[in-house]
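Geometric and topological summary
What follows is the residue order along each chain.
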Amino acid sequence: MAEYERSQHDVLIVGAGGAGLRAAIAAADAKVSVGLVCKSLLGKAHTVMAEGGIAAALANVDDRDNWRVHFADTMRGGQYLNNWRMAELHAKEAPDRVKELEAWGALFDRTADGRILQRNFGGHKYPRLAHVGDRTGLEMIRTLQDHAIHLGIDVFMECTVIALLKDGDRVAGALSYERDRGRFRLHTAKAVVLATGGIGKAFKITSNSWEYTGDGLALAYDAGAELIDMEFVQFHPTGMIWPPSVRGILVTEGVRGEGGILLNREGRRFMFDDIPENYRNQTADNEEEGWRYTQGDKSARRPPELLTRDHVARCIVREVREGRGSPHGGVFLDIAWIKRRLPNAAEHIKKKLPSMYHQFKELADIDITEQPMEVGPTTHYMMGGIRVDGDTQMSTVLGLFAAGEVAAGLHGANRLGGNSLSDLLVFGKRAGDYAAKFASTAAAPRLDPTAVDTAARQALEPFAASASGNGAISPFQIQHELQASMQDLVGIVRNEADMTRALGTLSQLNAQAAHVAVSGNREFNPGWHTALDIRHQLIVAEAVTRSAIERKESRGAQFREDFPEKGADYGRFNIVVRKGASGAMELSRRPIPPLPPELAQVIEEMK
Ligand SMILES: Cc1cc2nc3c(=O)[nH]c(=O)nc-3n(C[C@H](O)[C@H](O)[C@H](O)COP(=O)(O)OP(=O)(O)OC[C@H]3O[C@@H](n4cnc5c(N)ncnc54)[C@H](O)[C@@H]3O)c2cc1C
């Protein structure tokens, strides 16, 4: 084996967002040695961008809330494709995880009597999101990081994992490269936790940061793990759309939670036009009732702007397609209108939504206390991901765990806002606990030197392609074409013909990727980094497209204009993607186990 920088740990955690940090804390608490690798600087993970809050049935603002309501809301939002065990654990454990965060120093907004304040969010029956203005992710990362750094965890920053290594059927470690110096690092570990986040950069318009290239999903897939629910990509209804340079940046659902309304170019509040049958009982049927709900009136039902994200996004697309959109191809989101209801509205908006106020003022020259915002859907979140055991978070590969956005199951066909940050805390902890448990009884793994050298050699191929100059192609061009194709052909409204074309494009891009070329040297070389990222993006894009073709129905985040209704049978299985023996992608259907009677009863009671 060639010479590499080396490290050895019981548990290696890949990713330092909310899930990775929480897993690291849990594993370190179990007194095993922990290594934590992250692509960017510690504290810079995508979690830091989270705005609206953490969903947990603390019942601080509405005492009717409890885990059963949260569980039923999550299952309904996911259209019952969820892993019900995860939904149960999540609803039961989220309150303790939030209180623990508070005990570690997180400064949440407060109720008048000093408890953690909770706000309304789409799909949640009661005000449930613990928050810090609209900067909740920042507080969460700060708190977790402050707590973690005292636990003796070895941190490898600006270090990207490019391959998982195995010893027979079990995971044995990972190979990474240091982004600044370009050197390889070999990590040996008895257990590995993937916490690498989502895939947003597979699309052109996204709220996600540069790191979201789906690395964890592709690494797990290559290592033999199963992925599920890959067709379910969440398009958040409200991203900025103007000016073009800021297109896709998120406008938090908190705006609607605080009373913001959606209007078309005719000034009509179009969300009242289409309320899904399964939410009719819980949704206000007039504007007055909707406003009272946002102000805490327990007898009122929520306004239709707070329906689930999949539905709101589709209503916006409908308005735009039918010619009632805003000048730049979206609709209007208006919070300034609350001036008609609240005497101190401008101050109230600035206090509740400080980031949104600054974001629009600085990026779009819009004062949201005076003017409406122009918004449209943006690729936001990946419901699909690595299939894990609900209790332990172990994937289908021995010793390989996953938590956070990279894992699948909790959210089914559609995630409710706020349920990601709670997911990170609940299942980050579980992944860390069980990875540590696994590592304490596992023997030290053996690394296969040939596999290590092969992974390193393949990573350097783009430099060789550049030297040969033979039909070489730029990684940026491939990435750009991949994003455009996914946006146009596998986006918010899908059909078989478009998606088949997308598969054709992906196949061409795969062929081109074999000749991708980069110049320069290995020290901080963005071309080389992108050449390695697109390998992951191509796997993820193909899995999304194939799964979306396979699901011949519309459900949750997947809308097929050629199959606009739900298919009865499609509610009974998840679509599984795995790498076949030939190296080709294989799909299968995995039946969803029946709900235990006590959980079925909870859902029935909450209807
Ligand atoms: C603008 C915005 C606002 C949001 N607001 C909310 C909200 O209010 N409430 C809510 O519940 N959810 C919200 N979400 C969603 C939520 O923030 C994310 O789903 C969540 O933060 C993901 O956390 P994570 O720990 O899984 O991954 P991340 O926080 O993205 O962390 C991923 C980590 O993996 C590392 N990594 C990735 N690939 C590699 C690799 N190959 N090698 C090494 N390291 C790697 C990265 O460097 C990073 O450290 C929001 C999302 C966005 C974009």
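These notes cover the structure that comes with them. Values in this document were obtained by computation on a predicted structure and should not be read as measured data.

Criteria and cut-off values
- Residues numbered from 1 in each chain as written.
- Predicted model: local features only at pLDDT ≥ 70, side-chain atom pairs only at ≥ 80, totals over all residues.
- Heavy atoms only, no water.
- Phe/Tyr/Trp six-rings, centres within 6.5 Å; stacked < 30°, edge-to-face > 60°.
- Helix = DSSP H or I, 4+ residues; strand = E, 2+ residues; numbered from the N terminus.
- Buried < 20%, exposed > 50% of the residue type's maximum accessible area, 1.4 Å probe, protein only.
- Lys NZ or Arg CZ within 6 Å of the ring centre and 35° of its normal.
- Salt bridge = Lys/Arg side-chain N within 4 Å of Asp/Glu carboxyl O.
- Pairing = 2+ DSSP bridges.

This part is about the packing of aromatic side chains. Enumeration according to the criterion identifies 9 aromatic pairs in this entry. Taken together, a centroid distance of 6.4 Å and an interplanar angle of 70° make the contact between Tyr4 and Phe184 edge-to-face. Linking Tyr4 in the segment before β1 (5-14) with Phe184 in strand β9 (residues 184-194), this pair joins segments that are 180 residues apart in sequence. Of the two residues examined, Tyr4 and Phe184, each falls in the buried class. Ring centres of Trp291 and Trp337 lie 5.2 Å apart, and the angle between their planes is 75°; on these two criteria the pair is classed as edge-to-face. Within this pair, whereas Trp291 is found in helix α7 (residues 287-294), its partner Trp337 is found in the loop between β13 (331-334) and α9 (345-352), the two being separated by 46 residues in sequence. Accessibility expressed as a relative area gives 9% for Trp337, which makes it buried. When the ring centre of Trp67 is taken as reference, the NZ or CZ atom of Lys92 above it lies at 4.6 Å. Taking NZ or CZ as reference, Arg415 lies 4.0 Å from the ring centre of Tyr381, over its face.

Applying the stated criterion across every chain yields a total of 58 salt bridges. With a shortest N-O distance of 2.6 Å, Glu93 and Arg430 are connected by a salt bridge. Highlighted residues: Glu93 in helix α3 (residues 84-103) and Arg430 in helix α11 (residues 419-441), separated in sequence by 337 residues. For Glu93, a relative accessible area of 19% gives the class buried.

Attention shifts here to the pairing of β13. Bridging between strand β12 (residues 261-263) and β13 involves 3 bridges; their strand directions are antiparallel. Counterpart to Ile261 in the pairing with β13 is Asp334. Of the pairings in the sheet, the one linking β13 to strand β14 (residues 373-382) comprises 3 bridges and is antiparallel in character. Across the sheet, Leu333 pairs through a bridge with Met373, a residue of β14.

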